[in-house]
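# Breakdown of the fold
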Amino acid sequence: MTPSARGLARADREAGAPGVRDAARTARRGETVLVSSLASDSHTWNLVFLQLLIEEHGYDVVNLGPCVPDDLLIRECLERPPAMLVLSSVNGHGYQDGLRLIGKLRAEDRLTTLPTVIGGKLGITGGEDGGHAAELIAAGFDSVFEDGAQEISAFRRFIERAPRRELS
């Protein structure tokens, strides 16, 4: 099973869980997705692409931009609870930065169920073996989309089927 398929399988399981609704069947008007790079990543083109793609699916998007420190990203999630957090890496440090961030994010009581995904170039060696994805999912990400054209289709399917966040 590919890393993306594992993430989709997790979304499928959660969609059937009590209290979780299938986002594909509900209007997204007014729901906001936060898009961000990680603290060490200064690239912006990927964030603009993701913002446009997510907006095409009916979400409002707040694009936090490049080089976002972990604490600022967590504060933004707490102050304006999003429907989903989408993280993108181009510099090859997504795995390291992602592991550090997801631990801090999931340590916040109000963010334990926030749908959170990461994608892009997760390692510096290229052609990752999928081990990074499994570790990132085990650490708390809902799905991982490694660098590649097929991953855009997988990401589209994910945001169409993503579980809605229950507001507390």
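Along each chain, the written sequence defines residue order, and numbers are assigned to residues from 1. Per-residue local features of the predicted model are confined to residues with pLDDT of at least 70, and side-chain atom pairs are confined, for both listing and counting, to 80 or more; whole-chain, interface and lining totals are unaffected and use all residues. To get the side-chain values, all heavy atoms of the structure are used, and hydrogens and water are removed first.

## Quick look at the overall build of the chain
Helix and strand counts for the chain come out as six helices and five strands. Going along the chain from the N terminus, every DSSP run of H or I of four or more residues is numbered as a helix, and every run of E of two or more is numbered as a strand. Ordered by position from the N terminus, the helices and strands of the chain form the series α-β-α-β-α-β-α-β-α-β-α. Summary of the burial criterion: residues with accessible area below 20% of their type's maximum are buried, those above 50% are exposed, and those between are partly exposed, where the area comes from a 1.4 Å probe applied to protein chains only. Burial analysis of the chain (168 residues in total) assigns 48% to the buried set. Throughout, a contact is declared for two residues whenever any of their heavy atoms are within 4.5 Å. Restricting the contact set of the chain to residue pairs at least 6 apart, pairs at least 24 apart contribute 82%. In short, Shrake-Rupley with a 1.4 Å probe defines the accessible areas, and a residue's cover is counted only from the protein chains shown. Working note: accessible area of the chain is about 8000 Å², and carbon and sulfur atoms make up 53% of it.

## A word on the sheet that holds strand 5 (residues 143-146)
Strands are treated as partners if at least two bridges between them are detected by DSSP. The parallel open sheet is built from five strands, whose spatial order is 2-1-3-4-5. Sheet topology places strand 2 (60-63) and strand 5 at the edges, where each strand pairs with a single neighbour. Sheet twist, expressed as the average angle between the axes of neighbouring strands with direction ignored, equals 20°. Bridging between strand 3 (residues 84-89) and strand 4 (residues 116-120) involves five bridges; their strand directions are parallel. Paired with S89 across the two strands is G120, which belongs to strand 4. Lines fitted to the C-alpha atoms define the axes, with helices restricted to the stretch that makes contact. Angles between their N-to-C directions range from 0 to 180 degrees.

## Notes on the pattern of salt bridges
Think of a salt bridge as a Lys or Arg side-chain nitrogen and an Asp or Glu carboxyl oxygen that are within 4 Å of each other. Considering all chains together, one arrives at six salt bridges under this definition. With its nearest N and O atoms 2.6 Å apart, the salt bridge here joins D70 to R100. With D70 in helix 3 (residues 70-79) and R100 in helix 4 (residues 94-106), this pair connects stretches of sequence that are 30 residues apart. Judged by its relative accessible area of 35%, R100 is partly exposed. Several salt bridges share partner residues, and in doing so they unite D70, D97, R100 and K104 into one network.

## Brief notes about the layout of surface pockets
The calculated volume of the largest pocket comes to roughly 360 Å³. Think of a 1 Å grid over just the protein atoms. A cavity is a set of points where a 1.4 Å probe fits yet cannot get out, a pocket is an open set with protein on both sides within 12 Å along at least five of seven lines, and lining residues have an atom within 4 Å of a point. Lining the largest pocket we find 21 residues, and of these S88, G119, G120, D147 and I152 sit closest to its centre. Those elements that place two or more of their residues in the lining of the largest pocket are helix 2 (45-56), strand 3, strand 4, strand 5 and helix 6 (149-161). Among the residues forming the lining of the largest pocket, the class breakdown is eleven nonpolar, six polar and four charged. Grid points are joined across faces, edges and corners, and a volume is the space filled by probe spheres set on the points. Residue classes follow a fixed rule: Ala, Val, Leu, Ile, Met, Phe, Trp, Tyr, Cys and Pro count as nonpolar, while Asp, Glu, Lys and Arg count as charged, and any other residue, Gly among them, counts as polar.

## Topic: the packing of helix 3 against helix 4
Following both chains from N to C, one finds helix 3 and helix 4 inclined at 40°, their axes separated by 10 Å at the closest point. Taken together, the axes of helix 3 and helix 4 lie oblique to each other. Taken as a pair, helix 3 and helix 4 cross one another with a handedness that is right-handed. On helix 4, the residues that touch D70, D71, L73, I74 and C77 of helix 3 are R100, L101, K104 and L105. Residue classes in the contact of helix 3 with helix 4 are distributed as five nonpolar, no polar and four charged. Small angles under 35 degrees read as roughly parallel and large ones over 145 as roughly antiparallel, with 65 to 115 read as roughly perpendicular and the rest as oblique. Here is the rule for handedness: rotate from the far helix to the near one, and if that takes an anticlockwise turn smaller than a right angle the crossing is left-handed, while a clockwise turn gives right-handed.

## Remarks on the packing of aromatic side chains
For this analysis, a ring pair means two rings from Phe, Tyr or Trp (six-membered ring only for Trp) whose centres lie within 6.5 Å, classed as stacked if their planes differ by under 30 degrees, edge-to-face if by over 60, and tilted for the remaining angles. Counted under the stated rule, the structure contains two aromatic pairs. Considering the side-chain rings of F145 and F155, the 5.4 Å spacing of their centres and the 85° angle between planes classify their relative orientation as edge-to-face. Highlighted residues: F145 in strand 5 and F155 in helix 6, separated in sequence by ten residues. This pair shows no difference in class: F145 is buried, exactly as F155 is. Summarising the aromatic geometry, the rings of F145 and F158 are spaced 5.9 Å apart at their centres and angled 70° between planes, so their arrangement reads as edge-to-face.

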